[in-house]
Amino acid sequence: MPPIAKIRVHLTESIRVKLCRIKKSNPTWSQKDLAEWLEKTHGLKVTQATISKTLKRSSDLLQEDVLINPNAKHPKIVKYPAMESALYEWFVCYQEHVNMSGDLLKEKGNFFLKKLYPEATSFVFSNGWLEKFKQRHAIHSFRRFGESGSVDMKKIEAVLPQIKEELDKWSMKDIYNMDETGLFYRMQADNSLATKQLEGRKQSKERITIAICCNGDGSDKLPLWIIGKFSNPRCFKNINRDNLNCKYRANSNAWMTFLLFNEWLQWFDRRMDRDVLLLLDNCTAHGKRENHPPLRHTKVMFLPPNTTSKIQPYDAGIIRNFKGYYRQRFNRQILKRIEEHVFEPSKISILDGIINAVAAWLIDVKPQTIANCFKHCKIRTTDVNELQVAKEIEEENKEVMKNLGEQIQELYYTNAMDINDFLNHPSEQQVTYTLNEEEIIAAIRQEVQLEDDLEDDSTKLEKISCQEAFNMLEKLEIFWIQQEGTHTSELLDIRKFKDMITNIKSKSMYQTTIEKYFSNNKY
């Protein structure tokens, strides 16, 4: 008798949120307990791996609005939310390339329904459903492909004064800019080595896309969003992703998509406690304003096409500055690994790349640099002292280039790369991608790519015990005591960490004792 095929159960976002709430209310429940609760209350039988993946997203899920219309007095859950999400993603991706119609949406809706809910047999894609779908997603009309025509650059120039007029209404701390950049996190400053690293399938494996966002005076540098190829790299085992100080997402090309951007946009809006202006370029993944979800505090302004290299702050030097500091940290890591005789010293894990990127952004990139880049774009009529701003940007660029040049000399590359290419390699400029139908389905399901285990060359981190961590801190404490000068603040921080580890160990021992007591007293 042939084996019975397992039926894959897909949890909706609302069910995942409920699961996280149950875990938060019952912190002692195991994954097995949660799986039993899910089966009992919702009739869904899932593996513990599914429970584990959901709990890793707990911090995000508990903040998300799982209902499509959260402001409705009696909100109604959509019957097949994954199907609607996939259909809307497809609509946004292809509205510029095909002639949209109600019948085409129904046809694609039926396609996604069969793929995502194979057990659904009686759903009717009626005109009533179509109107409600359009209403839920603010689709007011279908624009015929080819209507937009060519861009008139003179008209764009005419719009720039209007942009300045709008920006003059906002203070610099309330003007935000977000942009994406590619980053080959293992790329060395050697042309021959880089060519080998970036050829064929290796390119997507060693590349990440980073979404960077901050405000005009540099006082608010938001956590990076990092998009990789692997959903669950081996090096993520035994770590808590919440402690990475960034958001990590994955797809097969490690690029930004409209689905991911909409998630980022909602996350951004939730963070704001005041009205703000968000500047965006016309990247395909950013969609159109009418396709964005409802926002409470954010006004989105798109910069005109073909002008961002001159008027977008990130293109004025912020990304270049960030990459310069990343490359410095990466080079220091290579030099250290060479000293330790590590085989293939440049072959760092994506976790190392993320740690370096977060440190470069949050520690190295200075608020003054960000403020200077905003002013240099002259996107407000009130921006003054342009020569001083340009001078400060140039001085910092020279310092970054000087440090990188010294590091490259230490590494003795035979075919050293031009530092400008090293800072922004041409292959890093493509950051967006239009998903096909199967990729949309995989993204909605949040499926791990089948090649993950074969292509992921990172290694699992060993779990560090409380005693091992305590011993490390004791060595670090002695190190600072032995140094010249006064280091009281560093030593105080180390002693605080030692107290924290002692508390973690005490709680762990207490929990173990309680569990042991109850396991020995079962009837």
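This text goes with the structure placed above it.
Residues numbered from 1 in each chain as written. Predicted model: local features only at pLDDT ≥ 70, side-chain atom pairs only at ≥ 80, totals over all residues. Heavy atoms only, no water.

(A) Expanded view of the pattern of salt bridges. Considering all chains together, one arrives at 14 salt bridges under this definition. In this structure, R274 engages D174 in a salt bridge whose closest nitrogen and oxygen atoms are separated by 2.4 Å. Pair noted here: R274 is in the loop between helix 11 (258-271) and strand 5 (276-280) and D174 is in the loop between helix 8 (153-167) and strand 1 (175-184), with a separation of 100 residues, a long-range link. Judged by its relative accessible area of 25%, R274 is partly exposed. By sharing partners, the salt bridges in this structure join K173, D174, D273 and R274 into a single network. (Salt bridge = Lys/Arg side-chain N within 4 Å of Asp/Glu carboxyl O. Helix = DSSP H or I, 4+ residues; strand = E, 2+ residues; numbered from the N terminus. Buried < 20%, exposed > 50% of the residue type's maximum accessible area, 1.4 Å probe, protein only.)

(B) Spatial organisation of the packing of aromatic side chains. By the definition in use, this model includes 17 aromatic pairs. On the basis of an interplanar angle of 10° and a centroid distance of 6.4 Å, the ring pair of Y326 and F330 is categorised as stacked. Pair noted here: Y326 and F330 are both in helix 13 (residues 318-339), with a separation of 4 residues, about one helical turn. Like F330, Y326 is buried. Grouped by ring-pair contacts, the aromatic residues Y80, Y117, F123, F125, W129 and F133 constitute a single cluster. Here K108 stacks its cationic end above the ring of F111, 5.8 Å away from the centre of that ring. Here K221 stacks its cationic end above the ring of W361, 5.7 Å away from the centre of that ring. (Phe/Tyr/Trp six-rings, centres within 6.5 Å; stacked < 30°, edge-to-face > 60°. Lys NZ or Arg CZ within 6 Å of the ring centre and 35° of its normal.)

(C) Molecular detail of the sheet that holds strand 6 (residues 298-302). Across the sheet, which stays open at both edges, the 6 strands sit in the order 4-3-2-1-5-6 with mixed pairing between neighbours. Every interior strand has two partners, whereas the edge strands, strand 4 (246-250) and strand 6, have only one. Mean inter-strand twist for the sheet, computed between neighbouring axes without regard to direction, equals 25°. As paired strands, strand 2 (residues 207-215) and strand 3 (residues 224-228) are joined by 3 bridges and run antiparallel to one another. Across the sheet, residue A211 finds its bridge partner in strand 3, namely W225. Along the sheet face, helix 13 touches strand 1, strand 2 and strand 3 and points at about 45° away from the line of strand 1. (Pairing = 2+ DSSP bridges. Axes fitted to C-alpha atoms, helices over the stretch in contact; angles between N-to-C directions. Contact = heavy atoms within 4.5 Å.)

(D) Spatial organisation of the side chain of N262. In this fold, N262 is placed in helix 11. For N262, a relative accessible area of 11% puts it in the buried group. Excluding residues within four positions of it along the chain, N262 makes contact with Y88, N291, H292 and P293.

(E) Structural detail: the side chain of R249. Tracing the backbone shows R249 in strand 4. Among the polar contacts made by the side chain of R249, one reaches the side chain of E263 at a distance of 2.7 Å. (Polar contact = N/O pair within 3.5 Å; in protein donor to acceptor, adjacent residues only side chain to side chain.)

(F) Representation of the pairing of strand 3 in the model. Of all 5 residues that make up strand 3, 5 are buried, and the element is covered over most of its length. Along strand 3, one buried face is formed by L224, I226 and G228 and the opposite face, lined by W225 and I227, is buried too. Judged from the 5 bridges that link them, strand 3 and strand 4 form a sheet pairing that is parallel. By the bridge assignment for strand 4, I227 is matched with R249.

(G) Geometry of the packing of helix 2 (residues 31-42) against helix 3 (residues 48-56). Following both chains from N to C, one finds helix 2 and helix 3 inclined at 100°, their axes separated by 9 Å at the closest point. Taken together, the axis directions place helix 2 and helix 3 in an arrangement best described as roughly perpendicular. For the pair helix 2 and helix 3, contact is made by Q31, K32, L34, A35 and L38 and by Q48, I51, S52 and L55, respectively. Of the residues that constitute the contact of helix 2 with helix 3, the class distribution is 5 nonpolar, 3 polar and 1 charged. (Parallel < 35°, antiparallel > 145°, perpendicular 65-115°, else oblique. Nonpolar A, V, L, I, M, F, W, Y, C, P; charged D, E, K, R; others polar.)

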